[in-house]
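If you want the building blocks of each chain, they are given just below.
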Amino acid sequence: QVQLVESGGGLVQAGGSLRLSCAASGRTFSTYGMGWFRQVPGKEREFVAAISTSGGSTYYTDSVKGRFTISRDNAKNTVYLQMNSLKPEDTALYYCAAQFVYGSIWYAKAGSRYDFWGQGTQVTVSS
């Protein structure tokens, strides 16, 4: 069992920055690929970014490429999402998720493949 706790959300003006953190429980954090997803009320959950177990591979949805950076610190059991040049359309509830990786195969962008989810942290970008 892995418990995930997100933090760092808030209200920011367009063009500003926020850094989300997701702290994971347990001793096997390095065996999980980690992802960030977001959801707006009335819309489907959307993939934002993901990072492999070692941190060597990262994945982004097109709308955040060049603005968001995902990273992880396996010693601290934490994954981060640095969000720069924020836009009002980035407003959403942001979720952290963990997917157990067997061998080297995992499905970074598929929310249905993730095993554990946090409760979410709200990001609101004002225009």
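It should be noted that the structure appears before, not after, this text.
Everything numeric in this text was worked out from a predicted model, so none of it was measured.

### Section: the overall build of the chain
Stage number 1. Regarding its fold elements, the chain presents zero helices and eleven strands.
Stage number 2. In the chain, the succession of α and β elements from N to C terminus is β-β-β-β-β-β-β-β-β-β-β.
Stage number 3. Here the C-alpha atoms of the chain give a radius of gyration of 14 Å, agreeing with the 14 Å that 2.2 N^0.38 yields for 127 residues.
Stage number 4. Overall, the C-alpha framework of the chain stretches about 45 × 25 × 25 Å when taken along its three principal axes.
Stage number 5. The 127 residues of the chain split such that 44% are buried.
Stage number 6. Per element, the accessible surface of the chain, about 6700 Å² overall, is 47% carbon and sulfur.
Stage number 7. The chain carries 12 positive and 8 negative side-chain charges, and their two centres are separated by 4 Å.

### Section: the nonpolar core
Stage number 1. Membership of the largest hydrophobic core comes to 29 residues, with the highest contact counts inside it found for Leu-4, Met-34, Trp-36, Val-79, Leu-81, Met-83 and Tyr-94.
Stage number 2. Elements with a contribution of two residues or more to this core: strand 3 (18–24), strand 4 (32–39), strand 5 (46–51), strand 7 (68–73), strand 8 (78–83), strand 9 (92–100) and strand 11 (121–126).
Stage number 3. With sequence-adjacent residues up to four places away left out, Met-83 is seen in contact with Gly-16, Ser-17, Leu-18, Leu-20, Arg-67, Phe-68, Tyr-94 and Val-123.
Stage number 4. Grouped together as the second largest cluster of nonpolar side chains are eight residues, Phe-47, Ala-97, Trp-106 and Ala-108 included.

### Let's talk about the state of the cysteines
Two cysteines form a disulfide when their sulfur atoms are joined by a covalent bond.
Stage number 1. Under the definition given, this model contains one disulfide.
Stage number 2. Residue pairing for Cys-22: its cysteine sulfur links by disulfide to Cys-96, the two sulfurs lying 2.1 Å apart. Disulfide Cys-22-Cys-96: the torsion about the S-S bond is -75°, which places it as left-handed. One end of the pair, Cys-22, is in strand 3; the other, Cys-96, is in strand 9, and 74 residues separate them in sequence.

### A short note on the packing of aromatic side chains
Stage number 1. Enumeration over the complete set of coordinates arrives at nine aromatic pairs.
Stage number 2. Considering the side-chain rings of Tyr-95 and Trp-117, the 6.4 Å spacing of their centres and the 80° angle between planes classify their relative orientation as edge-to-face. Of this pair, Tyr-95 sits in strand 9 while Trp-117 sits in strand 10 (residues 116–117), placing them 22 residues apart in sequence.
Stage number 3. Consider the rings of Tyr-114 and Trp-117, whose centres lie 6.0 Å apart with planes at 55°: the pair is tilted.
Stage number 4. Look at Trp-117 and you get partly exposed, because its relative accessible area is 27%.
Stage number 5. One aromatic cluster is present, built from ring pairs that chain together Phe-37, Phe-47, Tyr-59, Tyr-95, Trp-106, Tyr-114 and Trp-117.
Stage number 6. Against the face of Tyr-80 rests Arg-19, its NZ or CZ located 4.0 Å from the ring centre.
Stage number 7. Across the ring face of Phe-37, the terminal group of Arg-45 is positioned such that the distance to the ring centre comes to 5.8 Å.

Criteria and cut-off values
- Residues numbered from 1 in each chain as written.
- Predicted model: local features only at pLDDT ≥ 70, side-chain atom pairs only at ≥ 80, totals over all residues.
- Heavy atoms only, no water.
- Helix = DSSP H or I, 4+ residues; strand = E, 2+ residues; numbered from the N terminus.
- Rg over C-alpha atoms; globule rule 2.2 N^0.38 Å.
- Buried < 20%, exposed > 50% of the residue type's maximum accessible area, 1.4 Å probe, protein only.
- Areas by Shrake-Rupley, 256 points an atom, 1.4 Å probe, with all protein chains shown as cover.
- Lys, Arg positive; Asp, Glu negative; His and termini not counted.
- Charge placed at Lys NZ, Arg CZ, Asp CG, Glu CD.
- Core = buried A, V, L, I, M, F, W, Y, C linked by side-chain atoms within 4.5 Å.
- Contact = heavy atoms within 4.5 Å.
- Disulfide = S-S within 2.5 Å.
- Phe/Tyr/Trp six-rings, centres within 6.5 Å; stacked < 30°, edge-to-face > 60°.
- Lys NZ or Arg CZ within 6 Å of the ring centre and 35° of its normal.

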